[in-house]
Amino acid sequence: MPQEDVIKTVMKQYIDRFNQDDVEGVLSLFGEEATVEDPVGSPAVEGKSAIAEFYKKVVNGNTRIRLEGPIRGSHSNSGAMALQITTSAEGKTISIPVIEVMTFDEQGSIASMKAYWGPGDMVIK
C-alpha cells in the first residue's frame, strides 16, 4: 500500500498536469487497469486507453482545476480532495464544485478516480 505522502503527491501532480494541459502527464499517473467515474453514477471508463480518450476531451486548454482545501489522506490506499472545476462553453462560464476520491495500487498509480458532483452543483454564468 502506498504511503500517505505518495498519495497526496500524486493527487497534486494530477491537478498540476491537468492545468498544464499535459494529457500524457495526467495519463502517466493512472495504472493500466484503472477506472474513472466522472460523475459518479455515470458508466465507468475502464482501462488506460479508454481513460486516454476521456482526458483528451476534458484536458482542452479551456478547463481548470482549483484545489479548495488540503488534500486528504486515509488509513488505507485512498485520498480525497475538494476542487472547483471551471470551464467555458458557448460563451458561458461553468463552475462545478467537485469532490474527487482516488484509490491507488501498490505502485502508487491511480487505480480509480470518482468525481462526486450533481447537476444541481453546476453554476452557469
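For the structure itself, consult the block above.
Here is what the cut-offs are and how they apply
- Residues numbered from 1 in each chain as written.
- Predicted model: local features only at pLDDT ≥ 70, side-chain atom pairs only at ≥ 80, totals over all residues.
- Heavy atoms only, no water.
- Patch = residues over 30% accessible without salt bridge, like charges linked within 9 Å, V, L, I, M, F, W, Y side chains within 5 Å.
- Areas by Shrake-Rupley, 256 points an atom, 1.4 Å probe, with all protein chains shown as cover.
- Salt bridge = Lys/Arg side-chain N within 4 Å of Asp/Glu carboxyl O.
- Helix = DSSP H or I, 4+ residues; strand = E, 2+ residues; numbered from the N terminus.
- Contact = heavy atoms within 4.5 Å.
- Expected span 1.5 Å × (residues − 1).
- Buried < 20%, exposed > 50% of the residue type's maximum accessible area, 1.4 Å probe, protein only.
- Arc of directions from axis to C-beta.

A.B. asks: Tell me about a nonpolar patch on the surface, residues and numbers included.
C.D. replies: Where nonpolar side chains cluster on the molecular surface, the patch consists of Val-40, Ile-99 and Tyr-116 and spans about 240 Å² of accessible area. One can find Tyr-116 in strand 6 (residues 110–116).

A.B. asks: Describe the environment of Ala-34, with residues and values.
C.D. replies: Mapped onto the fold, Ala-34 is located in strand 1 (residues 30–37). When the C-alpha positions of Ala-34 and Phe-104 are compared, they lie 9.1 Å apart, and in sequence the two are 70 residues distant. Excluding anything up to four places from it in sequence, Ala-34 contacts Val-45, Glu-46, Gly-47, Ile-51, Ile-110 and Ala-111.

A.B. asks: Kindly report on helix 1 (residues 4–19), identifying the contributing residues and their values.
C.D. replies: With 16 residues, helix 1 extends 23 Å from end C-alpha to end C-alpha; this agrees with the ideal 22 Å at 1.5 Å per step. Residues Ile-7, Val-10, Met-11, Tyr-14, Ile-15 and Phe-18 constitute the buried set of helix 1. In an axial view of helix 1, the angular spread of the buried residues amounts to 140°, which keeps them on one side of the axis. After helix 1 finishes, the residue Asp-21 shows a positive phi value of roughly 55°.

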